[in-house]
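A closer look at the structure
If you want the building blocks of each chain, they are given just below.
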Amino acid sequence: MVIEKKTVKRDSSPKPTSEKEISLPEASKDFWLRLDNAAKIYPAIQSRELTTVFRLSAVLKDRVKIKPFLEAVQRLEERFPYYKMKPKKGFFWYYLQYYNEKMAVRPDLGLLCRSFEKNELIFRILLKENKVSVEFSHILTDGKGAFEFLNSLLLTYFEVCCLIDTDALSYLKPEETPSAEEFEDAFSTHFQERLPFPLKIPTAFHLPFRLKPLPRFEVLSFSIPAKEIIAIVRKYNVTLTVYLVGVYLSALQTIYNQLSPAKKRRSRKVFRIQVPINLRKLYHSKTMRNFSLFVTPEIDLRLGKYTFEEILKTVHHLMQLETDVKLINKIISRNVGAERNVLLKNTPLFIKSLILYFTYSIEGTRKYSGVITNLGKVSFSPQADRLIEYFQFIPPPPNKVLKVNCGVIGFEDKLILSFGNITTSHQLEQEFVSILIGEGIPVKVIS
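Our subject in this report is the structure included herewith. (Residues numbered from 1 in each chain as written. Predicted model: local features only at pLDDT ≥ 70, side-chain atom pairs only at ≥ 80, totals over all residues. Heavy atoms only, no water.)

Let's shift gears to the pattern of salt bridges. Applying the stated criterion across every chain, the model contains 21 salt bridges. Of the charged contacts in the structure, one is a salt bridge between K84 and E77, with a shortest N-O distance of 3.0 Å. Each of the salt bridges in this network shares a partner with another, and the network as a whole consists of R55, R106, D108, E120, R124 and E135. (Salt bridge = Lys/Arg side-chain N within 4 Å of Asp/Glu carboxyl O.)

Another aspect to go through is the sheet that holds strand β1 (residues 32-34). The sheet built from three strands is open, its strands ordered β1-β4-β3 with antiparallel pairing. Looking at which strands have only one partner, the edges of the open sheet turn out to be β1 and β3 (85-89). Recorded for the sheet is a direction-independent mean angle of 35° between the axes of neighbouring strands. Where β3 and strand β4 (residues 94-98) come together, five bridges link them in antiparallel fashion. (Pairing = 2+ DSSP bridges. Helix = DSSP H or I, 4+ residues; strand = E, 2+ residues; numbered from the N terminus. Axes fitted to C-alpha atoms, helices over the stretch in contact; angles between N-to-C directions.)

Next up on the list: empty space enclosed by the protein. Within this structure, the stated rule accounts for one cavity of 30 Å³ or more. In this structure, the largest cavity encloses a volume near 40 Å³. If you trace the largest cavity, you find it lined by L35, K40, A44, W93, Y94, L349, S353 and L356. If one sorts the elements of the lining of the largest cavity by residue count, helix α12 (residues 349-363) sits on top with three residues. (1 Å grid on protein atoms, 1.4 Å probe; cavity = no way out; pocket = protein on both sides within 12 Å on 5 of 7 lines; lining within 4 Å. Points joined across faces, edges and corners; volume = space filled by probe spheres on them.)

What follows is the structure in C-alpha cells.
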C-alpha cells in the first residue's frame, strides 16, 4: 500500500472579486487563475453523484515499484503548478487558487471518478499493482491535458527505473519550466466578437432505462483488436470516430424500435451524440487546461429508418461540416460572449450558479442522446511502449438524463471502450457490441 504524505493545510488564499489575474512571472509562489470558459459550468452542476471527474489509466506489463514511482512524482512537483489548485468562491465567479501541497499517491480502491473533498487538490494519482491511474476534475482540464500529465509521469518513472532513455523524447519534462501558453485560457485567446450564434437544436431521444439505486455509477470495458476494426473502418471509407458514432446511433435506433407503440409516440425521434474534439491542433494551442468542444452528429427518425450505411454517411458529412474552424469560432463566440455579457458578468455568483445549472439542464442534457469521447491512438516510443499493456479512459459519470456514456482510447494493437452507466440495464452496451461482432470484430470484456 502506498502511504499518502500528510501536508499542512494552508487556507490563506486571497478572495478576489474582480477578473484581474496575476501574471505568470509573479505566479511562482502564490497565484490564482480564472476558470476557463469550459470549466465555468462545472462548479454549478457538480455533486457527489455528478462528480465531473474522469479517469485515465495505464496498465503496465510489470508491477509498479513503489520507491521509484514516488521519486518520479516528486520530480514532477514543480512542473504542473496549474494542476495544484483548489476551486474557491469569489463574489462574481469561482476561481482556482494555487496550493503548494505535495502530489499524494493513494492506493486505488476501485472507487471510480469519485468527487473531491472540499480541501483536496482536484486531481489525484492512484496506484494498484501494475495499474497507474490519474483522476481529474473537469474544472482543471480535459482528456488531452490529463493525458499529457500521465505521459510525463510514466516516462519519468521509466527513466528513474533506468528502463528507457528519455533524452530524445518530446514530452513535458520535470526539469522544464512551464510555459505561459500552458496556463492559457485558450477559449478567451481565440474568442472573436460579433459572430453569429449557432442554430438552436431540438430535444433529443433519451434512453428509457430506470436508474440504479445509489451508488449508481459502474463501468464496463471492452478490448477490441485495432487491426480488425481499422480494416472495417477502411471498408466504409470513414474515420474510426465516425464509425463508432455510427455504431452508437445504430444501437440507439435498435433500442427505440423495440419500444412499445405507446413509448414510441412519447419518445423524441432525433438521435444526437455529443462528440468532444480537441481544439489544440486547429488553433495551434499548447494550453494544458480545457480546450475542447462538442460536435453533434444526429439522425432524425421522423424521416424513416436508417440503414447502417446511411447512418455512417450522415455522421461523416455532419462531422466534416461541424469541425470546420469557422463553425467552431461561432461556438466559441457564443460561449465566451455569454460570460462577457455585462449583465451576467456583474451578477452575484449564487444567482449566476442557478442560471448555469438550468442552462446545463436544458442545453447540456436534453439536447443529446449520448456521449462518446475518443482520445485517439496514443504512443510514446518503442522503448516505452513495450512496457505498457494498454490504456483506459473513463469519462465522468453521466447525468440522469443521458444515463450512459462511452470513452475510447487506443494503444498498439488494442482499442479499449469503456461504458459508464447509472441504470439497471446494459442494453446499449449489448447492442453496441453486437453490431461490432456482426461486422466480424472480436470483442473481449476486460472489466
